Each structure stands twice: as C-alpha cells, then as structure tokens.
Amino acid sequence: MASDVKILKMITGEEVMARISNSGGLITLDNPMMLQAIPQQTTGQMGVALIPWLMSGKSTKLTISEDHVIALDDPQDQAEKNYLAQVTGLTL
C-alpha cells in the first residue's frame, strides 16, 4: 500500500514532509512539516527535527504550485513514522 506522505524539495531549498494530493498543477499539503537539521549536544552529530512549515499559520492544509517543487520522494520508514506520530499524536 503506497502512502500519501511525501518529502518535497522546494525551490527555496527547504525539505517539507506532508500528506499530499495533486490536482491541476497544484499540490495540497496536509500538515506540512519542515525537516530541520539540529546538532546533538551529547554526540556533536547532526540530527533532524520536524517543525511546522508555517509557524504562525492557522491552516493545516496549504496549496502550492507544482512549479515550486524540484523533487518529490517517499520518506524513509522511520521519518514517516515520526511525522505521523507528530501530526496525529499516535505512536506507530
């Protein structure tokens, strides 16, 4: 079963994870979260955090033009589980 959760690389360089649907050159993002690299204090290595793509926005669904996306891919399994846990509050 294919998931509707995708990773989008935006023309701005941001990586966004969201449930998506496409229609007529537009992509609707449901609960978009941006992947943000953060240093791990204990190891010094880089980790990844999911943060809201629009910090102050009211909407959970946003529509963008396909022209603003340069790449689209399926997320890694653990990344998808983390995303779904964060947006639904359920641990998978």
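What you see is a predicted model; the values in this text were computed from it and never measured.

> How would you sum up the pattern of salt bridges? Please name residues and give values.
On inspection of all chains with the given rule, the structure shows two salt bridges. For the salt bridge of Asp74 with Lys6, the shortest nitrogen-to-oxygen distance reads 2.3 Å. Of the two residues, Asp74 is situated in the loop between strand E6 (69-73) and helix H1 (77-88) and Lys6 in strand E1 (residues 5-10); the sequence distance between them amounts to 68 residues. Classification of Lys6 by relative accessible area gives buried; the value is 18%.

> Give a description of the pairing of strand E4 (residues 46-52) that names residues and reports values.
Relative to E4, strand E3 (residues 26-39) runs antiparallel, the two sharing seven bridges. Each residue of the ladder has a partner; that of Pro39, found in E4, is Met46. Two successive antiparallel strands, E3 and E4, enclose a turn made up of six residues, where Gly44 displays a positive phi of approximately 80 degrees.

> Summarise the nonpolar core; cite the residues concerned and give the values.
Ranked by internal contacts, the top residues of the largest apolar core, which has 19 residues, are Leu8, Met10, Ile27, Leu29, Trp53, Ile64 and Tyr83. When contributions to this core are tallied by element, the ones reaching two or more residues are E1, strand E2 (15-23), E3, strand E5 (61-65) and H1. Setting aside anything within four residues of it in sequence, one finds Ile64 in contact with Met10, Gly25, Leu26, Ile27, Leu29, Trp53 and Val69.

> Could you give me a rundown of H1, with the residues and numbers involved?
Helix length check: H1 (12 residues) gives 16 Å between terminal C-alpha atoms against 16 Å at 1.5 Å per residue, within 8%. Of all the residues in H1, the buried ones are Glu80, Tyr83 and Leu84. With its buried residues spanning 95 degrees around the axis, H1 presents them on a single face. Against E1, E2, E3 and E4 lie the buried residues of H1. Just downstream of H1, Gly89 is the residue with a positive phi angle, here 80 degrees.

> Lay out unusual backbone geometry in plain terms, naming residues and giving numbers.
Positive phi, normally seen in glycine, also occurs at Asn31, with a value near 55 degrees. Along the polypeptide, Asn31 turns up in strand E3.

> Please set out the pairing of E1 residue by residue, giving values where relevant.
Most of E1 sits out of view: five of its six residues are buried. Inspection of the sheet shows E1 paired to E2 by five bridges, in the antiparallel sense. The residue of E2 that forms the bridge with Leu8 is Val16. Between E1 and E2, which pair antiparallel in sequence order, lie four residues; one of them, Gly13, sits at a positive phi of approximately 100 degrees. Here E1 runs beside E6; their pairing, made up of four bridges, is antiparallel. Within E6, the residue paired with Ile7 across the bridge is Asp73.

Calculation criteria
Residues numbered from 1 in each chain as written. Predicted model: local features only at pLDDT ≥ 70, side-chain atom pairs only at ≥ 80, totals over all residues. Heavy atoms only, no water. Salt bridge = Lys/Arg side-chain N within 4 Å of Asp/Glu carboxyl O. Helix = DSSP H or I, 4+ residues; strand = E, 2+ residues; numbered from the N terminus. Buried < 20%, exposed > 50% of the residue type's maximum accessible area, 1.4 Å probe, protein only. Pairing = 2+ DSSP bridges. Core = buried A, V, L, I, M, F, W, Y, C linked by side-chain atoms within 4.5 Å. Contact = heavy atoms within 4.5 Å. Expected span 1.5 Å × (residues − 1). Arc of directions from axis to C-beta.

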